[in-house]
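Geometric and topological summary
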Amino acid sequence: MMAVTPANETRHLIELSEFSKSLIDLFLANEAVKFATLGVSPIGCSDHSLIYVSCKLTCPRSIPRIIESRQYKNLCLMTL
């Protein structure tokens, strides 16, 4: 069986991300449509920037269950 070699663009990205000593302030993703917002914000105390990403929810959230009290009569305590 013949080995599959990556395309030039893929090889270049792998080399850039693995072997660059000055690579910072970077966010890599393969599906940009899953992100609601993304951006870069200067933080002021450094020459680097803050990278922020918020993801879209892919499934609906369930209503949270609030527990107001707990029963401890069946609690098993272990001592170390």
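Everything that follows concerns the structure shown earlier in this document.
This write-up is about the structure you can find in this document. Only a predicted model underlies this, so the values are computations on that prediction, with no experimental measurement involved.

**Here we look at the overall build of the protein**
Counting its regular elements, the protein contains one helix and two strands. Scanning the protein from its N terminus toward the C terminus, one meets helices and strands in the order α-β-β. Counting across all 80 residues of the protein, residues that qualify as buried make up 2%. Considering only residue pairs separated by 6 or more positions, the protein has 15% of its internal contacts joining residues 24 or more positions apart. A total of about 8,400 Å² of accessible surface is found on the protein, and carbon and sulfur atoms cover 59% of it.

**Let's talk about a nonpolar patch on the surface**
On the surface, Leu13, Leu16 and Leu28 cluster together into a nonpolar patch covering about 260 Å² of accessible area. Note on placement: Leu13 falls in helix H1 (residues 8–19). Of the residues examined, Leu13 reaches a relative accessible area of 43% and is grouped as partly exposed.

**Quick word on the pairing of strand E1 (residues 35–42)**
A regular strand places its side chains on the two faces of the sheet in alternate fashion. With seven bridges connecting them, E1 and strand E2 (residues 49–55) associate as antiparallel partners. By the bridge assignment, Thr37 is partnered in E2 with Ser54. Where E1 hands over to E2, the hairpin turn is made up of six residues, of which Gly44 adopts a positive phi near 90 degrees.

Thresholds applied
- Residue positions are counted from 1 within each chain, in the order its sequence is given.
- Residues qualify for local features only when their pLDDT is at least 70, as the model is predicted, and side-chain atom pairs are given and counted only at 80 or more; totals for whole chains, interfaces and linings, by contrast, use all residues.
- Excluded from the side-chain calculations are hydrogens and water; all other atoms, namely the structure's heavy atoms, are used.
- Helix and strand assignments come from DSSP, with helices taken as H or I runs of at least 4 residues and strands as E runs of at least 2, each series counted from the N terminus.
- Burial classes follow relative accessibility: with a 1.4 Å probe on protein chains only, a residue under 20% of its type's maximum area counts as buried, one over 50% as exposed, and anything between as partly exposed.
- Here a residue-residue contact requires only that any non-hydrogen atoms of the pair lie within 4.5 Å.
- Note that accessible areas follow from Shrake-Rupley with a 1.4 Å probe, and for residues the cover is restricted to the protein chains shown.
- Patch membership requires over 30% relative accessible area and the absence of a salt bridge. Like charges are linked within 9 Å, and nonpolar side chains (Val, Leu, Ile, Met, Phe, Trp, Tyr) within 5 Å.
- By convention in these notes, a salt bridge is any Lys or Arg side-chain nitrogen within 4 Å of a carboxyl oxygen on Asp or Glu.
- Pairing between two strands requires that DSSP report at least two bridges joining them.

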